[in-house]
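Descriptive structure summary
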Number of protein chains: 2
Amino acid sequence: MHVYDLETPSVLIDLDRLENNITRMQAHCDSLGIKLRPHIKTHKIPAIAQMQIDAGAVGIACQKLSEAAIFAEAGFNDIVIPYNIVGPQKTARLADLALFNRIAVSADHPAVLQGLAEAVKVNELTLQVLVELGTEIERTGASIDRAVDLAQRIEREEHLNFAGVLLYPSTPVMRPPLQELLARLDTDGIGVSHISGGGTGAAQQAANFPELTELRVGTYVFNDWRTVSAGWATLDDCAMFVTATVVSHPHDKRMILDSGSKTLTAEAIAGEHGYILEYPEARIYQLNEEHAYVDLSDCDARPEIGDRVHIVPVHTCVVTNMHNTIYGVRGDQVEVEWPVAARGRVW
Amino acid sequence: MHVYDLETPSVLIDLDRLENNITRMQAHCDSLGIKLRPHIKTHKIPAIAQMQIDAGAVGIACQKLSEAAIFAEAGFNDIVIPYNIVGPQKTARLADLALFNRIAVSADHPAVLQGLAEAVKVNELTLQVLVELGTEIERTGASIDRAVDLAQRIEREEHLNFAGVLLYPSTPVMRPPLQELLARLDTDGIGVSHISGGGTGAAQQAANFPELTELRVGTYVFNDWRTVSAGWATLDDCAMFVTATVVSHPHDKRMILDSGSKTLTAEAIAGEHGYILEYPEARIYQLNEEHAYVDLSDCDARPEIGDRVHIVPVHTCVVTNMHNTIYGVRGDQVEVEWPVAARGRVW
């Protein structure tokens, strides 16, 4: 099928660039002697995870238990879930998933450990648990004191196994606190053989963080306007494009595209919602669900209603989640149609 | 099923409030002698559209052709699509849909009219076309001069029928330009029997815009933190709640919920991503896909990991679009499970 036969808005993946991105990140991790564990939240598509495994990845990371379940069914049986799995329904599902798959989860609080231990005890399992160390983004994660306490608790729990330390993002600023944690654990006689870091930006700085044994990275597979803006990739590394049609052109300085927040999501960088290849000087300054408002003041070229444009989205992971199907293209041919298998999962 | 048996995050609809919202808006339109045409983008669920029709609505509005197709299949055959349908694939689908359903679309440019005329000619149809007048939001819509030109062109086109004027939002500030347009059309001998306005906020001011014959409104059916913030509804009118679990509580002043941007979307009001019923003073100040960051500095109450909260989302329409299923509840019982039938439609 010719790419023009797809209606708009559609999400296209440039297969050459996808393959290059996968190869390059694997080579980067190989050169540093770090295991690569791609985060599937970016694509949610088993076929792309398989490309990553085929290139040398050791397993996958999933942010949700329900996404892990989809991938386990598809044959990906080595899964890290870097998330506190909380509540009796979810921990029971986790315990079931861990019966037949190699699953590790993270925890940042004793209450989380307690829930995990109770659930896996029922299945007579030993669950791998990584202690999450808090980082500069101040999201989840334990303080050093609490992390020590958590490791001790895990060591005492019959049905939990201390599988190492996890952090996100693993920027080198976290090296001193991690070293302090490792020293404290060493004093307690708790060995740490595994340090799982993460983040496409942090991956670039992994050479400066030699303690890391594994990297969980997602966005590198497609890249986006955010990774380009941060200097982690170039426009030529961007594999995802949203095609859109000019549906209105009220006057010379404004056009409206059919790619609204239902397509691009509401995320923005400095108030802009993507980068239009055909109009580099244009600004997508506002979105409604089905409308992208584009300021053409700085553009010489003038569009016609019906013209098609290609947008590098701000953040690929959230765009994937909006679409039931995305399309792999090579040149102007659609080579593969991928259902987004793990889209829209709740639990 | 008890509502607590649903995992989090889930989207709940309070059925009593939903019914009240439907009844109240219908009574409002009835009292003004204006037809109510609910916009289904807010719920995307045929069963809720049926409740609106049963209450007295004349038909529905859909923002996309593909959503209209879902609702037409479900038996809703009087549909306005207030959007420029552009491109040969979409106009051909529109012409097919119009064969068996009463469809009207809007247009704001001669190029749009040309595409519509070519497509419906094939099916030997006459398509109802509303001329869209531009408004203060500067999105789509024609100037008065262009609107006159469009109405004249439609009158000349064998396969198009001029069905009136459409605008969004139909706030009273648009009354003078609309009156000017009507006077110009009258001079040209073009009668306008139908003026379709829209917007939940504009509906509140419809008494001050007597030219309107129809209102397209969506959000009123659920309401949200945006309609409450704008003074168009009270918290007691909000029918949609997102349930979330406290999954992390790194320190007294911060908690993390499992309702991230994949659940609530990235939309915000003044940097906040929703209103938590259990913690009115809390601020959801940041989202990642699976994490909501909550500032508890101003709260006395302190959560436990595993606690469940209810969030009034910023914008219900975009939340619906993220979920495959939403749940109708009465008290603490789940009364109905609704697949979001028109979610994720592209063309």
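When helices and strands are counted, chain A shows 11 helices and 17 strands. Taking 347 residues into account, the globule formula puts the C-alpha radius of gyration at 20 Å, and chain A, at 22 Å, falls close to it. In chain A, buried positions account for 54% of the 347 residues. The contacts in chain A between residues at least 6 apart in sequence include a share of 67% that link residues at least 24 apart.

Below, the discussion takes up the domain arrangement of chain A. Residue and element names in this part refer to chain A. For chain A, the assigned domains are domain 1 (15–221) and domain 2 (227–314). Centre-to-centre, using C-alpha coordinates, domain 1 lies 35 Å away from domain 2. Domain 1 puts seven residues into the contact, and the matching count from domain 2 is six residues. At the level of elements, α1 (15–32) and α8 (200–204) are the ones that each hand at least two residues to the side of domain 1 that touches domain 2.

On to the sheet that holds strand β8 (residues 195–198) of chain A. Residues and elements named next belong to chain A. Reading across the sheet, the eight strands line up as β2-β9-β8-β7-β6-β5-β4-β3 and stay open at both edges, with parallel pairing between neighbours. The strands lining the two open edges of the sheet, one partner per strand, are β2 (35–38) and β3 (60–61). The pairing of β3 with strand β4 (residues 78–81) spans two bridges and is classified as parallel. Bridging across to β4, Ala 61 finds its partner in Val 80. Contacts from α1 reach β2 and β9 (214–217) within the one sheet, and its direction differs from that of β2 by about 145 degrees.

Along a regular strand, successive side chains alternate from one face of the sheet to the other. All names here are of chain B. As paired strands, strand β16 (residues 325–330) and strand β17 (residues 333–339) are joined by six bridges and run antiparallel to one another. Paired with Tyr 327 across the bridge in β17 is Glu 337. The antiparallel pairing of β16 with β17 creates a hairpin that spans two residues between the two strands, and Gly 331 there sits at a positive phi of about 60 degrees.

Before going further, it helps to examine unusual backbone geometry. Residue A:Thr8 is joined to A:Pro9 through a cis peptide bond whose omega torsion reads -5 degrees. Tracing the backbone shows A:Pro9 in the segment before β1 (10–14).

A few words on the interface of chain B and chain A. On the side of chain A, 47 residues touch chain B, which itself brings 47 residues to the contact. When residues of the side of chain B that touches chain A are traced back to their parent elements, those giving at least two are α4 (88–100), α5 (110–122), β10 (240–251), β11 (254–257), α10 (261–264), β14 (291–295) and α11 (316–320) of chain B. Among the elements that take part in the side of chain B that touches chain A, β10(B) stands out by supplying five residues, more than any other. Tallied by class, residues from the side of chain B that touches chain A come to 15 nonpolar, 20 polar and 12 charged.

A few words now on helix α3 (residues 65–73) of chain A. In an α-helix, one turn spans 3.6 residues, which is why side chains three or four residues apart end up on the same side. All names here are of chain A. Leu 65, Glu 67, Ala 68, Ala 69, Phe 71 and Ala 72 are the residues of α3 that are buried. Buried residues along α3 sit in contact with α2 (46–55), β3, β4 and α4 (88–100). Phi turns positive, to about 100 degrees, at Gly 75, one or two residues after α3.

Mapping chain B onto chain A leaves a residual RMSD of 0.0 Å; the transformation is a rotation of 180 degrees accompanied by 0.0 Å of translation along its axis. Such a combination of turn and shift is consistent with a two-fold rotation axis. Ranked by how close their C-alpha atoms come to the rotation axis, the residues of chain B are headed by B:Ala266, at 2.8 Å.

Looking now at the sheet that holds strand β3 (residues 60–61) of chain B. Residue and element names in this part refer to chain B. In space, the eight strands of this open sheet follow the order β2-β9-β8-β7-β6-β5-β4-β3, with parallel pairing throughout. Of all strands in the sheet, those bounded by a partner on one side alone are β2 (35–38) and β3. As judged from the four bridges shared by strand β5 (residues 102–107) and strand β6 (residues 127–132), these two strands associate in the parallel manner. Looking at the pairing, Ala 104 lines up with Gln 128 of β6. Most of the contacts of helix α3 (residues 65–73) go to strand β4 (residues 78–81), to which it runs at about 175 degrees, and overall it touches β3 and β4.

Residues and elements named next belong to chain A. Contact geometry of α4 with helix α5 (residues 110–122) gives a least axis separation of 8 Å together with a crossing angle of 50 degrees. The pairing of α4 with α5 is recorded here as oblique in orientation. Crossing of α4 over α5 shows right-handed handedness. When α4 is examined against α5, the residues Thr 91, Ala 92, Leu 94, Ala 95 and Ala 98 are found in contact with a partner set consisting of Gly 115, Leu 116, Ala 119, Val 120 and Val 122.

Let us now look at the nonpolar core. Among the nonpolar cores identified, the biggest contains 228 residues, and A:Val105, A:Leu116, A:Val129, B:Val105, B:Leu116 and B:Val129 are the most heavily contacted of them. The contact partners of A:Val105, leaving out residues within four places of it in the chain, are A:Ile81, A:Tyr83, A:Ile85, A:Leu94, A:Leu116, A:Leu127 and A:Val129.

As a further point, take the pairing of β6(B). Residues and elements named next belong to chain B. Across the six residues that make up β6, a large majority, five, are buried. Chirality of the crossover, the property in question, places the unit of β5, α5 and β6 among those that are right-handed. One ladder, built from six bridges, connects β6 with strand β7 (residues 160–166); its direction is parallel. Across the sheet, residue Val 131 finds its bridge partner in β7, namely Val 165. Assessed by its sense of winding, the connection that carries the chain from β6 through helix α6 (residues 144–156) to β7 is right-handed.

This paragraph deals with helix α6 (residues 144–156) of chain A. All names here are of chain A. Over its 13 residues, α6 extends 19 Å from the first C-alpha to the last, a length consistent with the 18 Å expected when each residue adds 1.5 Å. Residues of α6 that are buried include every one of Ala 147, Leu 150, Ala 151 and Ile 154, and no others. Looking straight down α6, one finds its buried side chains confined to an arc of 100 degrees; they lie on one side. Residues of α6 that are exposed and point over 90 degrees away from its buried face: Asp 145 and Arg 156.

Time to look at the packing of α3(A) against α4(A). Residue and element names in this part refer to chain A. Two elements in contact, α3 and α4, have axes separated by 11 Å at closest approach and are oriented at 25 degrees. Classified by the angle their axes make, α3 and α4 are roughly parallel. In this structure, α3 crosses over α4, and the sense of that crossing is left-handed. Packed against α3, whose contacting residues are Leu 65, Ala 68, Ala 69 and Ala 72, the element α4 presents Lys 90, Arg 93, Leu 94 and Leu 97 at the interface. Looking at side-chain class alone, the contact of α3 with α4 contains six nonpolar, no polar and two charged residues.

Residue and element names in this part refer to chain B. Relative to the assigned elements, Ile 70 resides in helix α3. Taking the C-beta count within 10 Å as the criterion, Ile 70 has 19 such neighbours and is therefore assigned partly exposed. Spatially, the C-alpha atoms of Ile 70 and Ala 341 are 7.2 Å apart, while their sequence positions differ by 271 residues. If near-sequence neighbours (up to four positions away) are discounted, Ile 70 is found in contact with Ala 341, Ala 342 and Arg 345.

To continue, consider the environment of A:Gln152. Secondary-structure assignment places A:Gln152 in helix α6. Separated by 37 residues in the primary sequence, A:Gln152 and A:Gly189 have C-alpha atoms spaced 9.7 Å apart.

Conventions used here
- Residues numbered from 1 in each chain as written.
- Chains lettered and ligands numbered in written order.
- Predicted model: local features only at pLDDT ≥ 70, side-chain atom pairs only at ≥ 80, totals over all residues.
- Helix = DSSP H or I, 4+ residues; strand = E, 2+ residues; numbered from the N terminus.
- Rg over C-alpha atoms; globule rule 2.2 N^0.38 Å.
- Buried ≥ 20, exposed ≤ 12 C-beta atoms within 10 Å, placed from the backbone.
- Contact = placed C-beta atoms within 7 Å.
- Domains from an automatic or database assignment.
- Pairing = 2+ DSSP bridges.
- Axes fitted to C-alpha atoms, helices over the stretch in contact; angles between N-to-C directions.
- Nonpolar A, V, L, I, M, F, W, Y, C, P; charged D, E, K, R; others polar.
- Least-squares fit on C-alpha atoms with pLDDT ≥ 70 in both.
- Parallel < 35°, antiparallel > 145°, perpendicular 65-115°, else oblique.
- Left-handed = near helix turned anticlockwise from the far one by under 90°.
- Core = buried A, V, L, I, M, F, W, Y, C linked by C-beta atoms within 7 Å.
- Right-handed = clockwise from strand over helix to strand, strands pointing away.
- Expected span 1.5 Å × (residues − 1).
- Arc of directions from axis to C-beta.

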